[in-house]
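Chains, contacts and geometry: an overview
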Amino acid sequence: MDKSILDLLKKGGFVLYARHGQATVGVDQPYLNFQDCVTQRNLSEFGRRQAVYFGQLLRHLQIPISSPIVVSPFCRTIETAQLAFPYSYIQIDPIGYEIYKLGGNIPFVEKTNILSSLQSVLERKPPQGTNQVIIAHSFPEDVGLGEISNMGMVIVKPNGPGNGYEIIKKLSLEDLSLN
């Protein structure tokens, strides 16, 4: 990560949208139940190490993070947040499930509504001097924030409600650790 971006992150004002750590092979069950992790893909051991490392990197780089950490309702996103930010409050937001649904075959109107909801989330500025972390899912190619690698992160600059947002940089976990 280049120094100019790191300097900006240290001042705060960004949304750090991260994809969860590597999940186990398999698929989420058709009878998916958010209270039952057996019905979902969960973090692999490597994914757990990625999550811990992600949190350690942000602390080492002295990037200020606001609370709560916003997560999708899936077990893999919640566990990623718990491992990366063990002392932070975690807030489940249904927008994460909506983003997950973008990878399926959904009607155009529903896709448009989900992207509109996402925009309103990404337009919100975090508390002064901090960055908001959202841990959720990747997007299909050319949709929303696009494809994101496991534990990768998109740095988003919110322009305030109704004013959109800018994508500043997309980083893999490896990019983040090159400092």
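For clarity, every value in this text was computed on a predicted model and none was experimentally measured.

This part covers the pattern of salt bridges. Under the counting rule described, the total for this entry stands at 6 salt bridges. For R48, the salt bridge identified is with E45, shortest N-O distance 2.8 Å. Linking R48 with E45, this pair stays in helix 2 (residues 45-60), spanning 3 residues, or about one helical turn. With relative accessibility at 51%, the residue E45 sits in the exposed group.

We now examine the layout of surface pockets. Over the atoms, a rolled probe matching the size of one water molecule traces out where space is still vacant. Estimated volume of the largest pocket: approximately 180 Å³. In this structure, the largest pocket is lined by V15, P68, V70, Q91, D93, V121, R124, K125, P126, Q132 and I134. Residues belonging to the lining of the largest pocket are distributed by class as follows: 6 nonpolar, 2 polar and 3 charged.

All right, on to the state of the cysteines then. Enumeration over the complete set of coordinates arrives at 1 disulfide. Two residues share a disulfide in this structure: C37 and C75, whose sulfurs sit 2.0 Å from each other. Since a negative S-S torsion denotes a left-handed disulfide, the C37-C75 link at about -90 degrees is left-handed. Of this pair, C37 sits in the loop between strand 1 (15-19) and helix 2 while C75 sits in helix 3 (residues 75-84), placing them 38 residues apart in sequence.

Our focus in this paragraph is helix 5 (residues 108-122). Relative to the 21 Å expected for 15 residues at 1.5 Å per residue, helix 5 spans 21 Å between its end C-alpha atoms, a close match to the ideal helical length. Within the span of helix 5, buried status applies to I114, L118, V121 and L122. Taken around the axis of helix 5, the buried residues stretch over an arc of 90 degrees, which confines them to a single face. Set apart from the buried face of helix 5 by more than 90 degrees, the exposed residues are F108 and V109.

Following the sequence through the fold, M153 ends up in strand 5 (residues 153-158). In this structure the C-alpha to C-alpha distance between M153 and K169, which are 16 residues apart in sequence, comes to 8.4 Å. Contact partners of M153, with chain neighbours within four places excluded, come to L16, Y17, A18, F54, I148, K169, K170, L171 and L176.

Structurally, T130 is set in the loop between helix 5 and strand 4 (132-136). Classification of T130 as buried rests on a relative accessible area of 16%. Sequence separation between T130 and D142 is 12 residues; the distance between their C-alpha atoms is 29 Å. At 2.6 Å, the side chain of T130 and the backbone oxygen of P127 are in polar contact.

Moving on, we get to helix 2. Compared with an ideal rise of 1.5 Å per residue, which puts 16 residues at 22 Å, helix 2 spans 22 Å between its outermost C-alpha atoms and is within 8% of the ideal. In this structure, the buried residues of helix 2 make contact with strand 1, helix 3, strand 5 and helix 6 (173-177). Phi turns positive one or two residues past the end of helix 2, at Q62, with a value near 60 degrees.

Conventions and cut-offs
- Residues numbered from 1 in each chain as written.
- Predicted model: local features only at pLDDT ≥ 70, side-chain atom pairs only at ≥ 80, totals over all residues.
- Heavy atoms only, no water.
- Salt bridge = Lys/Arg side-chain N within 4 Å of Asp/Glu carboxyl O.
- Helix = DSSP H or I, 4+ residues; strand = E, 2+ residues; numbered from the N terminus.
- Buried < 20%, exposed > 50% of the residue type's maximum accessible area, 1.4 Å probe, protein only.
- 1 Å grid on protein atoms, 1.4 Å probe; cavity = no way out; pocket = protein on both sides within 12 Å on 5 of 7 lines; lining within 4 Å.
- Points joined across faces, edges and corners; volume = space filled by probe spheres on them.
- Nonpolar A, V, L, I, M, F, W, Y, C, P; charged D, E, K, R; others polar.
- Disulfide = S-S within 2.5 Å.
- Expected span 1.5 Å × (residues − 1).
- Arc of directions from axis to C-beta.
- Contact = heavy atoms within 4.5 Å.
- Polar contact = N/O pair within 3.5 Å; in protein donor to acceptor, adjacent residues only side chain to side chain.

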